[in-house]
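# Breakdown of the fold
Single-letter residue listing:
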Amino acid sequence: MSESRLQAKPFDIRKSMVWEAYKRVKASKGAAGADGQSAGQFEQDLSNNLYRLWNRMSSGSYFPPPVKAAEIPKASGGVRVLGVPTVAGRIAQTVVAMYLERLAEPVFHRDSYGYRPRRSALDAVAACRERCWRNDWVIDLDVRAFFDSVDHSLMLRAVERHTDARWVLLYVARWLKAPMLKADGSLAARDRGTPQGSAVSPVLANLYLHYAFDMWLAREHPGVTFERYCDDAVIHCTSQAQAVKIRDALARRLADVGLELHPGKTRIVYCKECVTNAEGGVM
């Protein structure tokens, strides 16, 4: 795609960013969204489709269609509802995700492992195992329904800490509010949360929890170590009493930002009697 730009466009979005985003979406594949258009169908008129998307994003006239609800069974029972954007929507979200990742990655905490380049769950497990030799107690925690509970205003404040690009803030706000298309054809309005499964949700989730969890813990309990993989984390403590104190303080902190510790998945464990599991928790 050409790098030429129209001076009249209010937002300076390079065509090469849209092209790179398309290549990433193509590589990751994925199902059709609410419009029913597959990646193959999108590619049948690729040049025009990418140009239209760039043109709308650059002019501020891009409005995301609803995301399609997709139920994925959980290993523990029940279902997880993913929000599947359209192909064009995934490309647009990837443009913003690439932009935000470049700004946020240098400041993310070293013990944040989820959805980050060159980091994995196995890295979190390795750190957890090593620290369990030094500290006897851990808080093994899960944030309840995190992706359904994110406060939109706080999310936008987190994004604003890293960029003043109006187009990024505009489209993040529109994606957060985009309704979800249910299997019965009805639309569900959303005033909280960010759809799990969308291309921009991983970096948004890490931004939110960077301030809600990582930086709070580092500030309030600077001697305490942890590993976080998105909305799951392990906090290492020197005693059971310290673990109880931090767990209760964390519950209050999360309540302040619209989140909640999962009562059935959060526990205090004497880690000399357990081994770490593959997701960074304990068992």
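Residues numbered from 1 in each chain as written. Predicted model: local features only at pLDDT ≥ 70, side-chain atom pairs only at ≥ 80, totals over all residues. Heavy atoms only, no water.

Attention shifts here to the overall build of the chain. Counting its secondary structure elements, the chain contains 10 helices and 8 strands. The C-alpha atoms of the chain give 20 Å as radius of gyration, which agrees with the globular expectation for 283 residues (19 Å, within 12%). On the principal axes, the C-alpha backbone points of the chain span a range of 60 × 40 × 30 Å. Per-residue burial over the chain gives 48% buried out of 283 residues. At a minimum sequence separation of 6, the contacts of the chain that also span at least 24 residues come to 72%. (Helix = DSSP H or I, 4+ residues; strand = E, 2+ residues; numbered from the N terminus. Rg over C-alpha atoms; globule rule 2.2 N^0.38 Å. Buried < 20%, exposed > 50% of the residue type's maximum accessible area, 1.4 Å probe, protein only. Contact = heavy atoms within 4.5 Å.)

As a further point, take the sheet that holds strand β4 (residues 180-181). In spatial order, the strands read β2-β1-β4-β5; together these 4 strands make up an open sheet with mixed pairing. Both outer strands of the open sheet, β2 (79-84) and β5 (187-188), are each paired with one neighbouring strand and no more. Across 2 bridges, the pairing between β4 and β5 is antiparallel. Among the inter-strand pairings, L181 is bridged to a residue of β5, identified as L187. (Pairing = 2+ DSSP bridges.)

Tracing the chain through its elements places D231 in the loop between β6 (225-229) and β7 (232-237). One buried charged residue, D231, forms no salt bridge at all, with the nearest opposite charge on R80 at 7.1 Å. The contacts of D231, once residues within four sequence positions are left out, are L141, D142, V143, F146 and L209. (Lys, Arg positive; Asp, Glu negative; His and termini not counted. Salt bridge = Lys/Arg side-chain N within 4 Å of Asp/Glu carboxyl O.)

As a further point, take the packing of aromatic side chains. Throughout the structure, instances matching the rule amount to 11 aromatic pairs. Considering the side-chain rings of F146 and F147, the 5.2 Å spacing of their centres and the 75° angle between planes classify their relative orientation as edge-to-face. Comparing F146 with F147 shows no difference in burial state: the two are buried. Considering the side-chain rings of Y171 and W175, the 6.1 Å spacing of their centres and the 45° angle between planes classify their relative orientation as tilted. With Y171 and W175 both in helix α8 (residues 166-177), this residue pair falls 4 residues apart, about one helical turn. In terms of burial, Y171 and W175 fall into one category: buried. Of the aromatic side chains, those joined through ring pairs into one cluster are Y62, Y171 and W175. Just above the ring of W54 sits the side chain of K15; from NZ or CZ to the centre is 4.6 Å. Across from the ring centre of Y113, 5.4 Å away, lies the NZ or CZ of R119, which sits over that ring. (Phe/Tyr/Trp six-rings, centres within 6.5 Å; stacked < 30°, edge-to-face > 60°. Lys NZ or Arg CZ within 6 Å of the ring centre and 35° of its normal.)

Spatial relationships are all this shows, so hold off on functional conclusions.
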